[in-house]
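# What the coordinates show
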Amino acid sequence: MISLTGNNDVHWSFEGANILWYRAPQEANQFHFYQHLVEQTTGEALKDNLPEPSGPIDPNIVVARTLRNVELSKFSLGETPYVYVLQPTLAATSKPLTARELKILTKRADAAKQNYFKTCYKKIAETLAAVKKVKFIDLKDAFLDHANDEIFLDSYHFGDLGNEIIATEIAKAVVDDISSRL
């Protein structure tokens, strides 16, 4: 099982959401639909027990919650190998940015958000690199050799070249891991 992840944990934690107990925007819309439906049909309100976001979550808590999700994932997989790939993101990369990428970064992430991403990513990498029975691949800097290439489409997504680089790096790490088991 391969998970390309980390970005949403940090993004939503910066917004104050608990990644262990959280609804994505589409899930929130669905819940609000159910609330309305219940109220219209029964006359009673459907209580929402989800805590309200409260500002950036301490990076140490983000790492603890991420680790908990990794542990739960590994437990549910049993003996199936689990590969956690830390997703490259514009706010945490060391890639020299193109003018367009820099414009996106400054528009979408102020200095506080950029520092938050870098701090969380560093702590996630340090923590998950030490977890046994989970293959950890840190790809936050996978694009360093592509300073002149447009990799990021927005803060978190990549075009064909970015996807190719990520797929190649994951394949190398997984093949090396499989070869070492033989």
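Notes on the structure follow. (Residues numbered from 1 in each chain as written. Predicted model: local features only at pLDDT ≥ 70, side-chain atom pairs only at ≥ 80, totals over all residues. Heavy atoms only, no water.)

## Looking at the sheet that holds strand S1 (residues 2-5)
The three strands are arranged S1-S2-S3 in an open sheet whose pairing can be described as parallel. The sheet terminates laterally at S1 and strand S3 (135-138), the two strands that pair on one side only. The average angle at which neighbouring strand axes cross in this sheet is 15°, direction not considered. Taken strand by strand, helix H5 (residues 111-129) contacts strand S2 (83-86) and S3, and its axis lies near 160° from that of S2. (Pairing = 2+ DSSP bridges. Helix = DSSP H or I, 4+ residues; strand = E, 2+ residues; numbered from the N terminus. Axes fitted to C-alpha atoms, helices over the stretch in contact; angles between N-to-C directions. Contact = heavy atoms within 4.5 Å.)

## Description of the packing of helix H3 (residues 59-77) against H5
Packing of H3 against H5 brings their axes to within 9 Å, and their N-to-C directions diverge by 45°. Looking at the two axes, H3 sits oblique to H5. Crossing geometry of H3 relative to H5 is assigned as right-handed. Side by side, H3 and H5 meet where Pro59, Asn60, Val62, Val63, Thr66, Leu67 and Val70 of the first sit next to Tyr116, Thr119, Cys120, Lys123, Ile124, Thr127 and Leu128 of the second. (Parallel < 35°, antiparallel > 145°, perpendicular 65-115°, else oblique. Left-handed = near helix turned anticlockwise from the far one by under 90°.)

## Focus: the pattern of salt bridges
Should the charged atoms of two oppositely charged side chains come close, the side chains can pair. Counted according to the given criterion, the structure contains five salt bridges. Across the pair Lys95 and Glu101 runs a salt bridge, and its minimum N-O distance is 2.6 Å. You'll find Lys95 and Glu101 in the same group, each marked buried. Taking the shortest distance from any N to any O, the salt bridge between Asp138 and Lys140 comes out at 3.1 Å. (Salt bridge = Lys/Arg side-chain N within 4 Å of Asp/Glu carboxyl O. Buried < 20%, exposed > 50% of the residue type's maximum accessible area, 1.4 Å probe, protein only.)

## Some points on the packing of aromatic side chains
Scanning all chains against the criterion turns up eight aromatic pairs. Here the aromatic residues Phe117, Tyr121 and Tyr156 are joined through ring pairs into a cluster of three or more. (Phe/Tyr/Trp six-rings, centres within 6.5 Å; stacked < 30°, edge-to-face > 60°.)

## Some points on the packing of helix H1 (residues 7-14) against H5
Geometrically, a packed helix pair is captured by the angle between its two axes and the distance between the axes. Orientation of H1 relative to H5, taken along the N-to-C sense of each, is 135°, at an axis distance of 10 Å. Relative to H5, H1 is oriented oblique. Seen along the crossing, H1 lies across H5 with a hand that is right-handed. Across the interface between the two elements, Asn7, Val10, His11, Ser13 and Phe14 of H1 pack against Ala112, Lys113, Tyr116, Phe117, Cys120, Tyr121 and Ile124 of H5. The residue inventory of the contact of H1 with H5, partitioned by class, reads eight nonpolar, three polar and one charged. (Nonpolar A, V, L, I, M, F, W, Y, C, P; charged D, E, K, R; others polar.)

## Examining the side chain of Gln87
Note that Gln87 resides in the loop between S2 and helix H4 (99-108). The exposure class of Gln87 is buried, given its relative accessible area of 11%. Setting aside its immediate chain neighbours within four residues, Gln87 contacts Leu4, Thr5, Asn7, Tyr121, Tyr156 and Phe158.

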